[in-house]
Amino acid sequence: MIHYSDEAIIEGLRLRSDYIIKFIYQEYFPVIKYLVNSNGGYDEDAEDVFQDGLIIIYKKLKDNELVLSSSYKTFLYSICRNLWLQKLNKKTAFNRSFSEIEQYIELPGDILGEVQNEENEKYRLFQVHFLTLGEDCQKVLKLFMHKTSLRDVAQIMGYKTEKYAKLRKFLCKEELKKRILNDPKCQNFFNHD
Amino acid sequence: MIKKCLYSETIEKYLSDEMSAEEVKRFNSDLLTNKILAKEFQLEKELTVILKQDDIIDFRKKLLKTYHEGASKSKAGVIVALSSKKWYMAAASLAFLMMVGGMLLFTMPGNYSNEALFRKYYTTDNVINVARSGNVNIVEAVIKFQEKDYSAATKLFSVILKSDNINTAAWFYNGIACIETRQYQEAIKSFNHIVANKDSYYIEHAEWYLGLCYLVNNENDRAMSSFQKIASEKRNVHKADAQMILTKLQKK
């Protein structure tokens, strides 16, 4: 089994290295899955919590604001633990005591703030829906979000006219919004009724 | 019933500055009174923010892909662990395929050259896990290597080796990257370093690549010496190939 040092994991995450991501999944996801499963959650919940935890770490890394006060494993576990506790607090059905799987640390204020930021869940859902769109739609929308001109979009995407590029953008965004609107998980953030 | 946005066209017109002053005024006024329009407009704004986060979307895409590939179950990848039994199976299969291919080559006397032999036998399939030391630079260098940016990889490995001369993994990868960039002398230096230090984890492949480097460099005596050593080792995974090459070289 390969073993990356915490330093290598952090650098690999900063680089969004496929190998580090695979390693992290192999090495740490089972613990988080066990934690969530042991505390009233399903595998899907564990995946969400794990990914949100990694995104929080990545965002801090990107901003050069990450200081590890423990091992990477403990740090990730502590973030995921907090994320899951926060979700549990919203659920009325969970009355049992929380089963700890690993040692955890008290998270620093800025990380805790990120964990408690409810926008994160919304962002994850919206991004996941975006990623379910076709490659063509994803590309068109990204180009427009970066204020690429209609002419350039048409040229990059190989569309014959700017008018068609505009139409594609509209249709792709409509499809994305439709998927969000019809996802029950998004109802907390966007209730159209 | 499938839900749809009701005001997409209006919002699009507003955002594209295609409204008259009067229409803009009405739109802004409607935003205050029409809750659905306000929600849809908010969604539009949020999507714009979210979709601008290219790196996070890319990261999330990789996370989802890894999860769906069941990375936690499958540990097989491009890089194969030397210690694993699977590696030996893969190497045996590879050697067998190469042997069959080699048979075809060797049944055509005179239709070969050192370069041709090298190309026939050179493969990076013997690349081993390198991250044992957990060195940060190694991760970056290996990423470059995996992206087949061998030129950048050799530069990074040379930096690593300046400060970490005993890092056999870096020597090994540097050797392969040097072959890929046709810097055979540098590759020979790397593999010789591993052979001299007798790192059992890498030595078998290092000797093999060393032989191939000598071959492509037309240093036939040294190449033969390397392949003879490999051919004499009972359990060497490159034994059959080394024997084939030796037969061919001896006919020259």
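The rules behind the values
Residues numbered from 1 in each chain as written. Chains lettered and ligands numbered in written order. Predicted model: local features only at pLDDT ≥ 70, side-chain atom pairs only at ≥ 80, totals over all residues. Helix = DSSP H or I, 4+ residues; strand = E, 2+ residues; numbered from the N terminus. Buried ≥ 20, exposed ≤ 12 C-beta atoms within 10 Å, placed from the backbone. Contact = placed C-beta atoms within 7 Å. pLDDT = per-residue confidence, 0-100. Nonpolar A, V, L, I, M, F, W, Y, C, P; charged D, E, K, R; others polar. Core = buried A, V, L, I, M, F, W, Y, C linked by C-beta atoms within 7 Å. Arc of directions from axis to C-beta. Axes fitted to C-alpha atoms, helices over the stretch in contact; angles between N-to-C directions. Parallel < 35°, antiparallel > 145°, perpendicular 65-115°, else oblique. Left-handed = near helix turned anticlockwise from the far one by under 90°.

Let us look at the overall build of chain A. Of regular secondary structure, chain A possesses nine helices and zero strands. Along chain A, from the amino end to the carboxyl end, the secondary structure elements read α-α-α-α-α-α-α-α-α. Burial analysis of chain A (193 residues in total) assigns 36% to the buried set. At a minimum sequence separation of 6, the contacts of chain A that also span at least 24 residues come to 64%.

Time to look at the overall build of chain B. Helices and strands together make up the secondary structure of chain B, namely 13 helices and zero strands. When its helices and strands are written in sequence order, chain B yields α-α-α-α-α-α-α-α-α-α-α-α-α. For chain B, with 252 residues in total, the buried portion stands at 32%. Looking at chain B alone, contacts between residues at least 24 apart form 49% of all its contacts between residues at least 6 apart.

Here we take up the confidence of the model for chain A. With 95% of its residues at a pLDDT of 70 or more, chain A has an overall mean of 87. Element-level pLDDT for chain A is lowest in helix H1 (residues 6-14) of chain A, with a mean of 85, against a maximum mean of 94 in helix H9 (residues 162-181) of chain A.

All right, on to the interface of chain B and chain A then. With 40 residues of chain B in contact, the opposing surface of chain A contributes 43 residues. The set of elements that each furnish at least two residues to the side of chain B that touches chain A consists of helix H1 (8-15), helix H3 (35-51), helix H4 (54-68) and helix H7 (136-146) of chain B. The leading source of residues in the side of chain B that touches chain A is H4(B), at 13 residues. Split by residue class, the side of chain B that touches chain A holds 18 nonpolar, seven polar and 15 charged.

Formed by 41 residues in total, the largest nonpolar core has its most connected members in Tyr173(B), Tyr209(B) and Cys213(B). At the level of secondary structure, the elements contributing two or more residues to this core comprise helix H6 (114-121), H7, helix H8 (150-163), helix H9 (168-180), helix H10 (184-197), helix H11 (203-216), helix H12 (220-232) and helix H13 (239-251) of chain B.

Attention now goes to helix H5 (residues 109-116) of chain A. All names here are of chain A. Along H5, the residues classified as buried are Ile111, Glu114 and Val115. Each buried residue of H5 sits inside an arc of 100° when the element is viewed along its axis, so together they form one side. Exposed residues on H5 whose side chains face more than 90 degrees from its buried face are Gly109, Gly113 and Gln116.

The phi torsion at Lys147(A) lies on the positive side, around 60°, for a residue other than glycine. The topology assignment puts Lys147(A) in the loop between helix H7 (135-145) and helix H8 (150-157).

Now for the packing of H10(B) against H11(B). Residue and element names in this part refer to chain B. Contact geometry of H10 with H11 gives a least axis separation of 9 Å together with a crossing angle of 150°. By the angle class used here, H10 and H11 are roughly antiparallel. Crossing angle aside, the handedness with which H10 passes H11 is left-handed. Packed against H10, whose contacting residues are Tyr184, Ala187, Ile188, Phe191, Asn192, Ile194 and Val195, the element H11 presents Ile203, Ala206, Glu207, Tyr209, Leu210, Cys213 and Val216 at the interface. For the contact of H10 with H11, the class distribution of residues is 12 nonpolar, one polar and one charged.

On to the packing of H1(A) against helix H3 (residues 43-62) of chain A. Residues and elements named next belong to chain A. Their axes nearest at 9 Å, the elements H1 and H3 cross at an angle of 85°. Here H1 is positioned roughly perpendicular relative to H3, judged by the angle of their axes. Two secondary-structure elements touch here, H1 through Ile10, Leu13 and Arg14 and H3 through Ile57, Tyr58 and Leu61. Its residues assigned to classes, the contact of H1 with H3 shows five nonpolar, no polar and one charged.

This part takes up the environment of Gly40(A). The topology assignment puts Gly40(A) in the loop between helix H2 (18-38) and H3. Counting along the chain gives 56 residues from Gly40(A) to Arg96(A), while the straight-line C-alpha distance between them is 8.8 Å.

Residue and element names in this part refer to chain B. Structurally, the position occupied by Ile203 is in helix H11. A sequence separation of 31 residues divides Ile203 from Phe172, and the C-alpha atoms of the two residues are 9.2 Å apart. When residues no more than four places from it in sequence are discounted, the contact partners of Ile203 are Ile194, Val195 and Lys198.

Turning our eyes to something else, we now look at the confidence of the model for chain B. When pLDDT is low, close inspection of the predicted coordinates is not appropriate. Residue and element names in this part refer to chain B. Mean pLDDT over chain B stands at 76; residues scoring 70 or higher make up 74%. Within chain B, the element-level pLDDT minimum falls on helix H5 (residues 85-106), averaging 34, and the maximum on helix H2 (residues 21-33), averaging 95. Long-range and interchain partners of residues 128-136, a stretch whose pLDDT sits below 50, account for 34 contacts in this model, where long-range means more than four residues apart. Model confidence for the complex is summarised by a pTM of 0.59, with the ipTM given as 0.90.

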